[in-house]
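# Examining the three-dimensional arrangement
Listed below are the residues making up each chain.
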Amino acid sequence: MPEITYREALRHALAEEIERDENVVLLGEEVAEYDGAYKVTEGLWKRFGDKRVVDTPISEAAFIGMGVGASMLGLRPVMELMFWSFATVAWDQIVNNAGFVRYMSGGLINCPIVIRGPANGGTNVGATHSHTPENMLANIPGLKVVCPATAYDAKGLMKSAIRDNDPVMFMENTLLYGEKWEVPSEEYLIPLGVADVKREGSDVSLIAHGRAVLTALKAAELLAAEHDIQAEVIDLRSIRPLDEEAILKSVRKTHRAVLIEENKPFCGVDAQISSMLMEKAFDDLDAPVLRISAIDAPAIYSPALEPLQLPRPTDIVSKVLSIC
């Protein structure tokens, strides 16, 4: 099985879907002639031409609105945001149009659009370019939210997202674009709303999404090597729909849970999961559910300090030791 990067996996998914369905189009700032700000769309404009890969003006409200309208009329646009931080400029289009049109039309109008791009801190680009808004978007009925942690998951989830008839918010991480994983050459799909057990364990469940999954895996290795604690790592992959059954199954086995995300703690994804565990698995817990999030402050610009703001493997180890 060949090893390819996270960005290559996304590129392969986009290319395969463009070839499969004539209604799939890519739109965004610099996605065509410049090959994409992060080179995810490199070579696709030359390969598929102006009608399938389209550069847009630097106006998120305008081109996201255009994509939403195009999706209502039968196209399947994949829209690239240079940063998910810029989604706030197109909030009305994403929430009030894409999110609600199916409900408000009585199911007559679908909005099969994918909006994708990096949503992460850790790259020293300041508070206005470092949002992780998966919790805000997952709060909107009608929107689906996906956060792949590996190249394998990124490809399979992207293909499923493009084929989905609902708007899918696809959260990537800049720090993962160059990382390599094994990815099959043959076609495969990963259903939205299905979590994955990245590591089997018996003593504690580490539940995470996005790059925090890799942090959890490193912590699990430390726990096993230094403390003889076997941690199970659950990769949510999808935030909404959320695979509650996979979470509950793991926690009912290990009886302890530590939730990890790179988002801020207040009203975070982990707050939702914690509430769900208290309601549905209270009698299975041998210790309180613990959370590890980014420090609750705007993203730090300093390269020396910003890594301290995000969850680290040692932070997870300390939390686990407090309940094991």
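Above this text sits the structure in question.
Below is a short write-up of the structure. (Residues numbered from 1 in each chain as written. Predicted model: local features only at pLDDT ≥ 70, side-chain atom pairs only at ≥ 80, totals over all residues. Heavy atoms only, no water.)

### As for the sheet that holds strand E5 (residues 114-118)
Where we set the bar: Only strands joined by at least two bridges in the DSSP assignment are considered to pair. Comment: elements are numbered from the N terminus, with helices defined as DSSP H or I runs of at least four residues and strands as E runs of at least two. Helix axes are fitted to C-alpha atoms over the stretch in contact, other axes to C-alpha atoms as well, and angles between N-to-C directions run from 0 to 180 degrees. We call two residues contacting when some pair of their heavy atoms lies within 4.5 Å.
In space, the seven strands of this open sheet follow the order E3-E2-E4-E5-E7-E6-E12, with mixed pairing throughout. Lying at the two open borders of the sheet, with one neighbouring strand each, are strand E3 (53-55) and strand E12 (238-240). Across the sheet, the mean angle separating the axes of adjacent strands is 20° when strand polarity is ignored. Taken together, the two bridges between strand E6 (residues 144-146) and E12 define a ladder with antiparallel strand orientation. Along E12, the bridge assignment pairs Val145 with Arg240. Set on the sheet, helix H3 (residues 60-72) makes contact with strand E2 (24-28), strand E4 (76-80) and E5; between it and E4 the angle comes to about 165°. Taken strand by strand, helix H7 (residues 151-163) contacts E2, E4, E5, E6 and strand E7 (168-172), and its axis lies near 160° from that of E7.

### A look at the packing of aromatic side chains
Put simply, the rule is: Each Phe, Tyr or Trp ring, with Trp reduced to its six-membered ring, pairs with another whose centre is within 6.5 Å; inter-plane angles below 30 degrees give stacked pairs, above 60 give edge-to-face pairs, and intermediate values give tilted ones.
Applying the stated criterion across every chain yields a total of six aromatic pairs. An aromatic cluster of at least three residues, connected via ring pairs, comprises Tyr6, Tyr38, Phe83, Phe86, Tyr177 and Trp181.

### Here's the deal with the pairing of strand E10 (residues 204-208)
Note the threshold: For each residue, the accessible area found with a 1.4 Å probe, counting protein chains only, is set against the maximum for its type, and the residue is called buried under 20%, exposed over 50%, and partly exposed in between. Seen with the strands pointing away from the viewer, any crossover whose path from the first strand over the helix to the second strand runs clockwise is right-handed.
Burial analysis of E10 places five of its five residues in the buried class, which makes it a mostly covered element. Of the two faces of E10, the one carrying Val204, Leu206 and Ala208 and the one carrying Ser205 and Ile207 are both buried. Pairing analysis gives five bridges linking E10 to strand E11 (residues 231-235), with the strands arranged parallel. Paired with Ile207 across the strands is Ile234, a residue of E11. Viewed along the sheet, the connection from E10 through helix H8 (residues 212-227) into E11 turns out right-handed. Two elements, E10 and strand E13 (residues 257-260), share four bridges in a ladder whose sense is parallel. If you follow Leu206 over to E13, its bridge partner there is Val258.

### Focus: a nonpolar patch on the surface
What counts here: Excluding any residue in a salt bridge, patches collect residues exceeding 30% relative accessible area, merging like charges within 9 Å and nonpolar Val, Leu, Ile, Met, Phe, Trp and Tyr side chains within 5 Å. Per-residue and other accessible areas follow the Shrake-Rupley method at a 1.4 Å probe size, with only the shown protein chains counted as cover for residues. A carboxyl oxygen of Asp or Glu within 4 Å of a side-chain nitrogen of Lys or Arg is what we treat as a salt bridge.
A contiguous nonpolar patch, built from Met72, Leu73, Leu108 and Ile109 and spanning about 440 Å² of accessible area, is present on the exposed surface. With respect to the helices and strands, Ile109 occurs in the loop between helix H5 (101-104) and E5. Ile109 sits in the partly exposed class, given a relative accessible area of 30%.

### Some thoughts on the packing of helix H9 (residues 244-254) against helix H10 (residues 269-280)
Note the cut-off: Every angle not falling under 35 degrees, over 145, or within 65 to 115 is termed oblique; those three ranges are roughly parallel, roughly antiparallel and roughly perpendicular. Each crossing is labelled by how the near helix is turned from the far one, with a counterclockwise turn of less than a right angle marking it left-handed and a clockwise turn marking it right-handed. For this classification, Asp, Glu, Lys and Arg are treated as charged, while Ala, Val, Leu, Ile, Met, Phe, Trp, Tyr, Cys and Pro are nonpolar and the rest, including Gly, are polar.
At a closest axis distance of 11 Å, the pairing of H9 and H10 adopts a crossing angle of 60°. Classified by the angle between their axes, H9 and H10 sit oblique to one another. Note that H9 runs across H10; the crossing there is right-handed. Note on element contacts: H10 touches H9 through Ile273, Met276, Leu277 and Lys280, opposite Glu244, Ile247, Leu248, Val251 and Arg252. Here the residues of the contact of H9 with H10 sort into six nonpolar, no polar and three charged.

Structural measurements only, silent on function.
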